[in-house]
Amino acid sequence: MKRIIMNAVQISREIINQTVKQGDIVIDATCGRGNDTLLLARLVGAAGRVYSFDIQESALQSARILLETEQLNDRVKLINADHAQISLYIDEKIHAAMFNLGYLPGGSHQITTKSLTTIKAVGETLGLLAPGGIITIVAYPGHESGAEELQELRNYLSTIPQQQFDIIAVSFLNQINCPPQLIVVQKLEEAP
């Protein structure tokens, strides 16, 4: 039997695969080990640009090595800053953004994304999003700060006008241990 239901990260990447095209400007708001940054770099091609944020230099170093191995570092700007500072680094329309919240895989569980900065980052990203653009957010409610972050993020996104954005949440109802959840935001076409 072929499984057609994927986990939250796989669904997020599938949506990004179907959305991002060569020449696009995109954001990886939580670089981590660089896997989403690498995916985005492949998709935008030589004419595109990826802005990748992380507060931990070790995360950016991992991403840098991954990108150099694939010879894609020329299309990525790695930024050692909190994703809440997106507007300090980007002032152009973007076509997609990926958020993979929580803590750095293999890193300290004490250093995690936080609801206040994540909501600020998502809000700034909504303002940069081109019509038809997508934001994917994978959230991890399996730890205390992750559960709070997901709830605060859902509260914030529920206030966004439906005339401007479509927003869906995907959760896995029968899985144990609080599996990751996915939120997808798409900016609607602007009226002429």
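The structure presented is a predicted model; accordingly, all values stated were derived computationally and were not measured.

The rules behind each value
Residues numbered from 1 in each chain as written. Predicted model: local features only at pLDDT ≥ 70, side-chain atom pairs only at ≥ 80, totals over all residues. Heavy atoms only, no water. Helix = DSSP H or I, 4+ residues; strand = E, 2+ residues; numbered from the N terminus. Rg over C-alpha atoms; globule rule 2.2 N^0.38 Å. Buried < 20%, exposed > 50% of the residue type's maximum accessible area, 1.4 Å probe, protein only. Areas by Shrake-Rupley, 256 points an atom, 1.4 Å probe, with all protein chains shown as cover. Lys, Arg positive; Asp, Glu negative; His and termini not counted. Charge placed at Lys NZ, Arg CZ, Asp CG, Glu CD. Contact = heavy atoms within 4.5 Å. Core = buried A, V, L, I, M, F, W, Y, C linked by side-chain atoms within 4.5 Å. Phe/Tyr/Trp six-rings, centres within 6.5 Å; stacked < 30°, edge-to-face > 60°. Pairing = 2+ DSSP bridges. Axes fitted to C-alpha atoms, helices over the stretch in contact; angles between N-to-C directions. Expected span 1.5 Å × (residues − 1). Arc of directions from axis to C-beta.

## Some remarks on the overall build of the protein chain
Here comes step 1: Counting its secondary structure elements, the protein chain contains 6 helices and 7 strands.
Here comes step 2: What you see for the protein chain is a C-alpha radius of gyration of 16 Å, in line with the 16 Å of a compact globule of 192 residues.
Here comes step 3: Relative to its full complement of 192 residues, the protein chain shows a buried share of 47%.
Here comes step 4: Carbon and sulfur atoms provide 51% of the accessible area of the protein chain, an area that totals close to 10000 Å².
Here comes step 5: Computed over 15 positive and 20 negative side-chain charges, the inter-centroid distance for the protein chain is 4 Å.

## A closer look at the side chain of Asp-36
Here comes step 1: Relative to the helices and strands, Asp-36 is located in helix α2 (residues 35-44).
Here comes step 2: Residue Asp-36 is classed as buried on the basis of its relative accessible area of 6%.
Here comes step 3: Here Asp-36 is in contact with Arg-13, Asp-28, Met-98 and Asn-100, once residues within four sequence places are set aside.

## Thoughts on the nonpolar core
Here comes step 1: Grouped together as the largest cluster of nonpolar side chains are 29 residues, with contacts concentrated most on Ile-27, Phe-99 and Ile-137.
Here comes step 2: At the level of elements, β1 (25-28), β2 (49-54), β4 (94-100), α5 (115-128), β5 (129-139), α6 (144-157) and β7 (181-187) are the ones that each hand at least two residues to this core.
Here comes step 3: Among the elements that make up this core, the one with the highest residue count is α5 (5 residues).
Here comes step 4: Among residues more than four places away in sequence, those in contact with Phe-99 are Ala-29, Thr-30, His-83, Ala-121, Val-122, Thr-125, Ile-135, Thr-136, Ile-137 and Val-138.

## Some remarks on the packing of aromatic side chains
Here comes step 1: Counted according to the given criterion, the structure contains 1 aromatic pair.
Here comes step 2: With 5.7 Å between their ring centres and 75° between their planes, Phe-53 and Tyr-89 make a pair best called edge-to-face. You can see Phe-53 sitting in strand β2 and its partner Tyr-89 sitting in helix α4 (residues 86-89), a full 36 residues away along the chain.
Here comes step 3: According to the relative accessible area criterion, Tyr-89 is partly exposed, its value standing at 36%.

## Comments concerning the sheet that holds β5
Here comes step 1: Pairing is mixed across the open sheet formed by 7 strands, whose spatial order is β3-β2-β1-β4-β5-β7-β6. Two strands lie at the open edges of the sheet, namely β3 (76-80) and β6 (165-170), each paired on one side alone. Ignoring which end each strand starts from, the neighbouring axes of this sheet average 10° apart.
Here comes step 2: Both β4 and β5 contribute to a ladder of 6 bridges, which runs parallel. Counted as the bridge partner of Ile-94 is Leu-129 from β5.
Here comes step 3: The strands touched by helix α3 (residues 57-69) within the sheet are β2 and β3, with β3 carrying the most contacts at an inclination of about 165°.
Here comes step 4: Of the strands in this sheet, β1, β4, β5, β6 and β7 touch α5, which is tilted by about 155° from β5.

## Details of α6
Here comes step 1: Compared with an ideal rise of 1.5 Å per residue, which puts 14 residues at 20 Å, α6 spans 20 Å between its outermost C-alpha atoms and is within 8% of the ideal.
Here comes step 2: Taken as a whole, α6 has its buried residues at Gly-146, Glu-149, Leu-150, Leu-153 and Leu-157. The buried residues of α6 all sit within an arc of 100° when viewed along its axis, so they share a single face.
Here comes step 3: On its buried face, α6 is in contact with α5, β5, β6 and β7.

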